[in-house]
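Structure at a glance
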2 protein chains.
Amino acid sequence: MHSEDIKLLMKQASGKSVISFAGGMPNNDLFPVKQIDDIYNSLPEDIKKLCFQYGPTSGYPPLIKSLQSYLEKKGLPVQDNKILITTGSLQAISIITQEFINEGDIVLTENPCFVGALSVFETFGAEIHSIPIDKDGIDIKALKRKITSLDRTPKFLYVTPNYHNPAGIIYTPERKKELLEVLSGTGIILLEDDAYSDLYFNEDEKYLTKPMKSFGIQGVDIIYTGSFSKILGPGFRLGYMLSSPEIFEKAETIKQALDACTSNFMQILGNEFLAQHKLESYLKFLRSEYLERKNLLQQSLEKYMPNTVTWNEPKGGFYIWLKLPSHIKSTDIFKESVTNGVVFVTGRTFDPASIKDDRLRLSFSNMPKDSIEKGVIILAKAVKKVLKNAKVKSS
Amino acid sequence: MHSEDIKLLMKQASGKSVISFAGGMPNNDLFPVKQIDDIYNSLPEDIKKLCFQYGPTSGYPPLIKSLQSYLEKKGLPVQDNKILITTGSLQAISIITQEFINEGDIVLTENPCFVGALSVFETFGAEIHSIPIDKDGIDIKALKRKITSLDRTPKFLYVTPNYHNPAGIIYTPERKKELLEVLSGTGIILLEDDAYSDLYFNEDEKYLTKPMKSFGIQGVDIIYTGSFSKILGPGFRLGYMLSSPEIFEKAETIKQALDACTSNFMQILGNEFLAQHKLESYLKFLRSEYLERKNLLQQSLEKYMPNTVTWNEPKGGFYIWLKLPSHIKSTDIFKESVTNGVVFVTGRTFDPASIKDDRLRLSFSNMPKDSIEKGVIILAKAVKKVLKNAKVKSS
């Protein structure tokens, strides 16, 4: 994870009174500890022994089976594709990057973009070109222009369409369709990262999370990645990718050379969580918890933030993405708020070029509910102070 | 792990009566299941919650501390170096390869060599040059000749000096010293993979396992890797590397791009296993179990194998490395024995060039004791049949 997040997490854990809107991880108090206790303590002896043993590189077969039925319910074409279990979905992104990217090859991303993925692309020497997103998804015209303007075909486009990190938005079904139509026939692979889709706030809007890989549009190779980090716990390091058998085959070889196989122990617990149908009730609990946190944050922002600060209310996920007046920078607000005990992640962190800084990401997933209003009050003061200073300077 | 091993493991698990000398993994019945049960069920609530959460990329701090004291007892220079926790020690090898190797760079290995490492070096495009080993370690003259003959400096030399996989030998202290003297000043990094050193059979010979990184010889950069796979269970995917701060720093960045961090869940259980001093008594148990298995295999080989088949009796670890008369191939023996229900790993598997095939690896770690004699009888018959056929052909 982001080293900044870690330091903050540590600081929090050590009891210092920082209010953190920074961490893009679940709250420690929300994990299904009791359920995993029950699962662990009722594992048959022979399965428990398997926890300690190597497993196949592609994954623990019963988990693959459980995932097939989980993904089939999302409409995904499980039968024509193959599942590779990975050590977190970041490993899936890493494997795909190693499979397709040589130094200097082009990767397209959204702007803003999940910073973990950016760091993978950078580490493996990709040339990153980013395309802006709006409240409905990636900017289609900008994407077309970008593709036309490049002298080489990008290897893939990386997107997080459902409850975007950091932007908090969800692509409309129309935008998803348009995106697929643009990519169709170009040879650009679509890497669809779907870590948050189970975390919708409203059952009526679940349909919005439908993965693009389930749309059945021809002429686009789609690699779909998912994660247990948001629906069980990041500490399990359990993720997966669903791809064509051809892409799977090379990915499995790379996975073999990265860590041989993902922990059987974690795979077995993860499998039982799915197979014993503990996920659905746990998700219901999570959704109501995160909705409550989102509402608290939304209400506090409405109450305390200056009118010139705007945002889109998220329909799910972990994040609210504030838009500042264009003449002030989130980095300046950070410097001000951190001294008063409130942190968040600055906008430019999510810009591949590390420039665009008129946004800031507030995560409502990883904090006690009763800190939210207090945190927003401090943050709003910091915003007002930076606004005032900017005014003084310009006058 | 090796896909061949997996298939065999699966076949065994499904109850088919294959006797396997193939799997280089512990026996399911030897895992410390009870100890981990006790640890898990007595974790304080706040630590249990941490199991589910992200951790720092470099590793769970209490585990790093426990490892420091564990490695200090081996004489390793823990204070001047840094520990990176990895998802199995294969990930450490993978990270080091990604840190130092560009397509076409030279890696030196032993011949025979651990096949998992070979597959990493191949996947990342290294040019592999191998140096023979004898019963006392790597052939020093051959190593010198190789280094002189190359037009480029190899990036590193990869060795498994303690209870070699597959050769079963342990380097003598003299050979370890000679190796360091040859490398000193050449700029060739030594990658010392030490997965088996706790598994000596005789307390009096423990001193032989002293790591080269503890020798204090100047002018050689040594990266030391270790694993929990043989002392706790491969299913934990827990390993580590000990290196200079400079090498650590880049390795941590690569680790971040591979899987963000190793499972906190597995790290916390692994840490408690060390911190609660459960390792020492468990190792005593393991050593006596493996010694008993080694003795059974040794006795059966003496009783049933033709005199022309030879081997060095191992002083620890998992393997006996049979030497066949040079005119027959282990692949032919495999074809014969597998039809009669006995498998092992052929010699050429461990030759980077996949040619040298006058050896075969028998693992005594992963089988019921009462199968050993039965397995050797079938194997000896296969050897005799292949010998006889070779005689007929040549006459």
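Everything numeric in this text was worked out from a predicted model, so none of it was measured. (Residues numbered from 1 in each chain as written. Chains lettered and ligands numbered in written order. Predicted model: local features only at pLDDT ≥ 70, side-chain atom pairs only at ≥ 80, totals over all residues. Heavy atoms only, no water.)

The number of helices and strands found in chain A is 13 helices and 13 strands. Taken against the 2.2 N^0.38 rule, which gives 21 Å for 395 residues, the C-alpha radius of gyration of chain A at 21 Å falls within 12% of a compact globule. Based on the C-alpha atoms only, the size of chain A along its principal axes is roughly 70 × 55 × 40 Å. Expressed as a percentage of its 395 residues, the buried residues of chain A come to 64%. For chain A, the computed accessible surface area is about 15,000 Å², with 50% contributed by carbon and sulfur atoms. On chain A, the mean spot of the 49 positive side-chain charges and the mean spot of the 47 negative ones are 6 Å from each other. (Helix = DSSP H or I, 4+ residues; strand = E, 2+ residues; numbered from the N terminus. Rg over C-alpha atoms; globule rule 2.2 N^0.38 Å. Buried < 20%, exposed > 50% of the residue type's maximum accessible area, 1.4 Å probe, protein only. Areas by Shrake-Rupley, 256 points an atom, 1.4 Å probe, with all protein chains shown as cover. Lys, Arg positive; Asp, Glu negative; His and termini not counted. Charge placed at Lys NZ, Arg CZ, Asp CG, Glu CD.)

The biggest cluster of nonpolar side chains holds 218 residues, and the ones touching the most others in it are Leu179(A), Phe265(A), Leu179(B) and Phe265(B). If near-sequence neighbours (up to four positions away) are discounted, Leu179(A) is found in contact with Ile138(A), Ile140(A), Leu143(A), Leu157(A), Val159(A), Tyr171(A), Leu190(A) and Met212(A). Formed by 56 residues, the second largest nonpolar core is a distinct cluster that contains Met241(A), Ile247(A), Ile189(B) and Ile254(B). (Core = buried A, V, L, I, M, F, W, Y, C linked by side-chain atoms within 4.5 Å. Contact = heavy atoms within 4.5 Å.)

Along helix α2 (residues 33-41) of chain A, the positions that sit buried rather than exposed are Val33(A), Ile36(A), Asp37(A), Ile39(A) and Tyr40(A). Buried residues of α2(A), seen end-on, are gathered within an arc of 165 degrees and therefore sit on one face of the element. Considering only its buried residues, α2(A) is in contact with α3 (45-51) and α10 (264-275) of chain A together with α2 (33-41), α3 (45-51) and α10 (264-275) of chain B. (Arc of directions from axis to C-beta.)

All names here are of chain A. Looking at the assigned domains, one finds that chain A contains domain 1 (3-32 + 280-394) and domain 2 (35-275). Between domain 1 and domain 2, the C-alpha centre-to-centre distance is 26 Å. Of the residues lining the interface, 26 residues belong to domain 1; the matching set on domain 2 comes to 35 residues. Here domain 1 meets domain 2 over a buried area of about 2,600 Å², counting both sides, of which 66% is carbon and sulfur. At the junction of domain 1 and domain 2, the tally comes to one salt bridge. A salt bridge links Glu205 to Lys315, with the shortest nitrogen-to-oxygen separation between them at 3.5 Å. (Domains from an automatic or database assignment. Buried area = accessible area lost by both parts, 1.4 Å probe. Salt bridge = Lys/Arg side-chain N within 4 Å of Asp/Glu carboxyl O.)

Quick look at the sheet that holds strand β12 (residues 345-346) of chain A now. Residues and elements named next belong to chain A. The strand order β10-β13-β12 describes an open sheet built from three strands, whose pairing is antiparallel. Of all strands in the sheet, those with a lone pairing partner are β10 (319-323) and β12, marking the two edges. Judged from the five bridges that link them, β10 and strand β13 (residues 359-363) form a sheet pairing that is antiparallel. When the sheet's bridge partners are listed, Trp321 is paired in β13 with Arg361. (Pairing = 2+ DSSP bridges.)

In an α-helix, one full turn covers 3.6 residues, which means residues spaced three or four apart are oriented alike. If you check which residues of helix α6 (residues 115-123) of chain A are buried, you get Val115(A), Gly116(A), Ala117(A), Leu118(A), Val120(A) and Phe121(A). Against α5 (89-100), β3 (106-111), β4 (127-134) and β6 (156-159) of chain A together with α9 (245-259) of chain B lie the buried residues of α6(A). Just downstream of α6(A), Gly125(A) is the residue with a positive phi angle, here 80 degrees.

On to the packing of aromatic side chains, then. Here the distance between the centres and the angle between the planes together describe a pair of aromatic rings. One pass over the full model with this rule turns up 36 aromatic pairs over all chains. Aromatic pair Phe273(A) and Tyr282(A): ring centres 5.8 Å apart, planes at 75 degrees, arrangement edge-to-face. By relative accessible area, Tyr282(A) is classed as buried at 4%. Taking 5.4 Å as the distance between ring centres and 80 degrees as the angle between the ring planes, the aromatic pair formed by Phe334(A) and Phe344(A) counts as edge-to-face. Separated by ten residues along the polypeptide, Phe334(A) in helix α12 (residues 330-339) and Phe344(A) in the loop between β11 (342-343) and β12 bring together distant segments of the chain. Site record: aromatic cluster; members linked through ring pairs are Phe31(A), Tyr40(A), Phe52(A), Phe236(A), Phe265(A), Phe31(B), Tyr40(B), Phe52(B), Phe236(B) and Phe265(B). If you follow Lys48(A) out to its NZ or CZ, it ends over the ring of Tyr40(A), 4.4 Å from the centre. (Phe/Tyr/Trp six-rings, centres within 6.5 Å; stacked < 30°, edge-to-face > 60°. Lys NZ or Arg CZ within 6 Å of the ring centre and 35° of its normal.)

Each regular strand displays side chains that alternate between the two surfaces of the sheet. Residue and element names in this part refer to chain A. One ladder, built from six bridges, connects β3 with β4; its direction is parallel. When the sheet's bridge partners are listed, Asn111 is paired in β4 with Pro132. Each parallel crossover has a hand, and the one from β3 via α6 to β4 is right-handed. Between the antiparallel neighbours β4 and strand β5 (residues 137-138) lie two residues. (Right-handed = clockwise from strand over helix to strand, strands pointing away.)

Taking the UniProt record as the reference, the feature "domain: Aminotransferase class I/classII large" (unreviewed entry) is found at residues 39-375 of chain A. The straight-line gap between the two end C-alpha atoms of residues 39-375 of chain A is 37 Å; of that span, 39% is helix and 16% is strand. (UniProt positions renumbered as here; feature names shortened; annotations may be inferred.)

Our focus in this paragraph is the interface of chain B and chain A. Between chain B and chain A, the contact holds 58 residues from the first and 58 residues from the second. Together, the buried faces of chain B and chain A total about 4,700 Å²; carbon and sulfur atoms form 62% of this surface. Inspection of the region where chain B meets chain A yields four salt bridges. Note that Lys49(B) is salt-bridged to Asp29(A), the shortest N-O span being 2.8 Å. At the boundary of chain B with chain A, the tally comes to 23 residue pairs in polar contact (both at pLDDT 80 or more). Elements represented by at least two residues in the side of chain B that touches chain A include exactly α1 (3-13), α2, α3, α5 (89-100), α6 (115-123), α9 and α10 of chain B. (Polar contact = N/O pair within 3.5 Å; in protein donor to acceptor, adjacent residues only side chain to side chain.)

All names here are of chain A. With the rule as written, the count across this model stands at zero disulfides over all chains. The structure places no disulfide on Cys51, whose sulfur is separated from the nearest cysteine sulfur, that of Cys261, by 13 Å. Residue class for Cys51 comes out buried when judged on its relative accessible area of 0%. (Disulfide = S-S within 2.5 Å.)

Residue and element names in this part refer to chain A. Under the counting rule described, the total for this entry stands at 46 salt bridges over all chains. Measuring nitrogen to oxygen at the nearest pair gives 3.2 Å for the salt bridge that ties Asp358 to Lys323. One end of the pair, Asp358, is in the loop between β12 and β13; the other, Lys323, is in strand β10, with 35 residues separating them in the sequence. With relative accessibility at 12%, the residue Asp358 sits in the buried group.

It is worth spelling out the relation of the copies chain B and chain A at this point. Both copies of the chain are related by one operation, a rotation about an axis with a shift along it. Rotating chain B by 180 degrees and moving it 0.0 Å along the rotation axis overlays it on chain A with an RMSD of 0.0 Å. Given the turn and translation reported, the copies of this chain are related as if by a two-fold rotation axis. Most of the interface of chain B is mirrored in chain A, where 100% of its interface residues again form contacts. (Least-squares fit on C-alpha atoms with pLDDT ≥ 70 in both.)

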